Amino acid sequence: MSVDEFKKMKQKNEKITMLTCYDYWTASILSETDIDCILVGDSLVMVMHGAETTIPATIELMASHTAAVAKGAPNKFIITDLPFCSYRKGVAIAMDAVEKIMRSGANAVKLEGVVGNEEIIEHIVASGIPVMGHIGLTPQSVNLFGGYKVQGKTKDNAQKLLKQAIMLEKAGCFAIVLECMPNLVAEEITDKLNIPTIGIGAGPHVSGQVLVLHDLLGMHNKKSTLKPKFVKTYMQGGLLIESSIKKYITDVKRQKFPSSKYCY
Ligand code: KIV
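The rules behind the values
Residues numbered from 1 in each chain as written. Predicted model: local features only at pLDDT ≥ 70, side-chain atom pairs only at ≥ 80, totals over all residues. Heavy atoms only, no water. Helix = DSSP H or I, 4+ residues; strand = E, 2+ residues; numbered from the N terminus. Rg over C-alpha atoms; globule rule 2.2 N^0.38 Å. Buried < 20%, exposed > 50% of the residue type's maximum accessible area, 1.4 Å probe, protein only. Contact = heavy atoms within 4.5 Å. Domains from an automatic or database assignment. Buried area = accessible area lost by both parts, 1.4 Å probe. Salt bridge = Lys/Arg side-chain N within 4 Å of Asp/Glu carboxyl O. Polar contact = N/O pair within 3.5 Å; in protein donor to acceptor, adjacent residues only side chain to side chain. Nonpolar A, V, L, I, M, F, W, Y, C, P; charged D, E, K, R; others polar. Phe/Tyr/Trp six-rings, centres within 6.5 Å; stacked < 30°, edge-to-face > 60°. Near = heavy atom within 4 Å. Areas by Shrake-Rupley, 256 points an atom, 1.4 Å probe, with all protein chains shown as cover. Lys, Arg positive; Asp, Glu negative; His and termini not counted. Pairing = 2+ DSSP bridges. Right-handed = clockwise from strand over helix to strand, strands pointing away.

> Even after reading the chapter, I still don't get the overall build of the protein, so can you show me in this structure?
Broken down by element type, the protein carries 11 helices and eight strands. Computed over the C-alpha atoms, the radius of gyration of the protein is 20 Å, within 12% of the 18 Å expected from 2.2 N^0.38 for a compact globule of 264 residues. Here the C-alpha coordinates of the protein stretch approximately 65 × 40 × 40 Å along the principal axes. Expressed as a percentage of the 264 residues in the protein, the buried residues total 46%. A separation of at least 24 residues holds for 57% of the contacts in the protein among residues at least 6 apart in sequence.

So, in structure tokens, the structure goes:
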């Protein structure tokens, strides 16, 4: 996959598939699939480190997880999130963050929002680094939104999103994530842009889809309650893991494991 191919896929109306991935062994499984690209999302700080929001993610953490993913899936196009505030303190500081992430094995970076980011996006792209945009429900702004809420529901807000998408295309983004917005808004944005849109909770009329892999696999414990409407769960991973561990414990306690088959 290359930046050009993203555009070509949109032109051919071929859907782009993207999934999050945070570690080596999952990446090595994804590397055996036809997934088009991998996102080392800052959601990793919630999924892998138990944070309540994506705000605690740091450049060091993003770079460390990117390096593991790049080792596991060297054949995939990897996009890594620039974490909270790392691109809001001027071009030089943003470029330090980008450099660390690219040196750890990413092929592109993603950043949230538009206003105040245009100059930084232009500079990153002019430095030879592809940038993916992200608008709609941008989780790093959860405190401003007052929660994880659908964006672009009023005509005014829908127009704002369209304007933002056009600004991102002009700044040089090769693709844009559209998160949590009505189908019609995502469709209009997708139609008005030349670059592809990748939706999450944005309906089917986009150029591709992204999900958090752990959501798709149902890798949650019984206590987890947060399940956005847009998530389709393809297996009950959490339950499968729990029952396998329970079987192992029973086997050890009853001295069924290790049987002769597992002994030297
Ligand atoms: O961090 C992340 O996982 C993301 C996706 C939800 C698009 O940004």
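> Explanation requested: the domain arrangement of the protein in the structure shown.
Accessible area lost upon the coming together of the parts serves often as the stated size of an interface. Domain annotation for the protein reports domain 1 (3–233) and domain 2 (236–264). The interface is formed by six residues belonging to domain 1 together with seven residues belonging to domain 2. The contact between domain 1 and domain 2 buries some 400 Å² in all, and 53% of this surface belongs to carbon and sulfur atoms. For the interface between domain 1 and domain 2, the tally reads zero salt bridges. At the junction of domain 1 with domain 2, the criterion picks out three residue pairs in polar contact (both at pLDDT 80 or more). Tallied by class, residues from the side of domain 1 that touches domain 2 come to two nonpolar, three polar and one charged.

> Quick question: what am I supposed to make of the packing of aromatic side chains here?
How two aromatic rings sit relative to each other is set out by the distance from centre to centre and by the angle between their planes. Taken as a whole, this structure holds five aromatic pairs when the rule is applied. Cluster of aromatic residues (ring-pair linked, three or more members): Phe6, Phe77 and Phe174.

> What am I meant to see in the site of the ligand here?
The full set of residues close to the ligand is Thr20, Leu39, Gly41, Asp42, Ser43, Asp81, Lys110, His134, Glu179, Ile200 and Val212. A distance of 3.0 Å separates an oxygen atom of the ligand from a polar atom in the side chain of Asp42. The side chain of Asp81 places a nitrogen or oxygen atom 3.1 Å from an oxygen atom of the ligand. Notes on the ligand: free accessible area 260 Å², of which the protein chains cover 95%. Here the residues of the shell around the ligand are counted per class, giving three nonpolar, four polar and four charged.

> Is there a simple way to think about the side chain of Glu179 in this case?
Inspection of the secondary structure puts Glu179 in strand β6 (residues 175–179). It turns out Glu179 is buried and unbridged, and the closest side chain with the opposite charge, Lys110, is 6.2 Å from it. At 2.8 Å, the side chain of Glu179 forms a polar contact with the side chain of His134. Setting aside anything within four residues of it in sequence, one finds Glu179 in contact with His134, Ile135, Gly136, Leu137, Pro139 and Ile200.

> What am I meant to see in the pairing of β6 here?
For a regular strand, side-chain orientation follows a simple rule: the groups alternate between the two sheet faces. Extensive coverage of β6 is indicated by the burial of five of its five residues. Residues of β6 alternate between two faces, with Ala175, Val177 and Glu179 on one and Ile176 and Leu178 on the opposite face, all of them buried. Pairing of strand β5 (residues 131–136) with β6 involves five bridges; the strand directions are parallel. Within β6, the position partnered with Ile135 by the bridge is Leu178. Examined bridge by bridge, β6 and strand β7 (residues 197–200) share four bridges and lie parallel to one another. Its bridge partner being in β7, Ile176 is matched across the sheet by Thr197. Between β6 and its parallel partner β7, the chain crosses via helix α9 (residues 183–192), and the hand of that crossover is right-handed.

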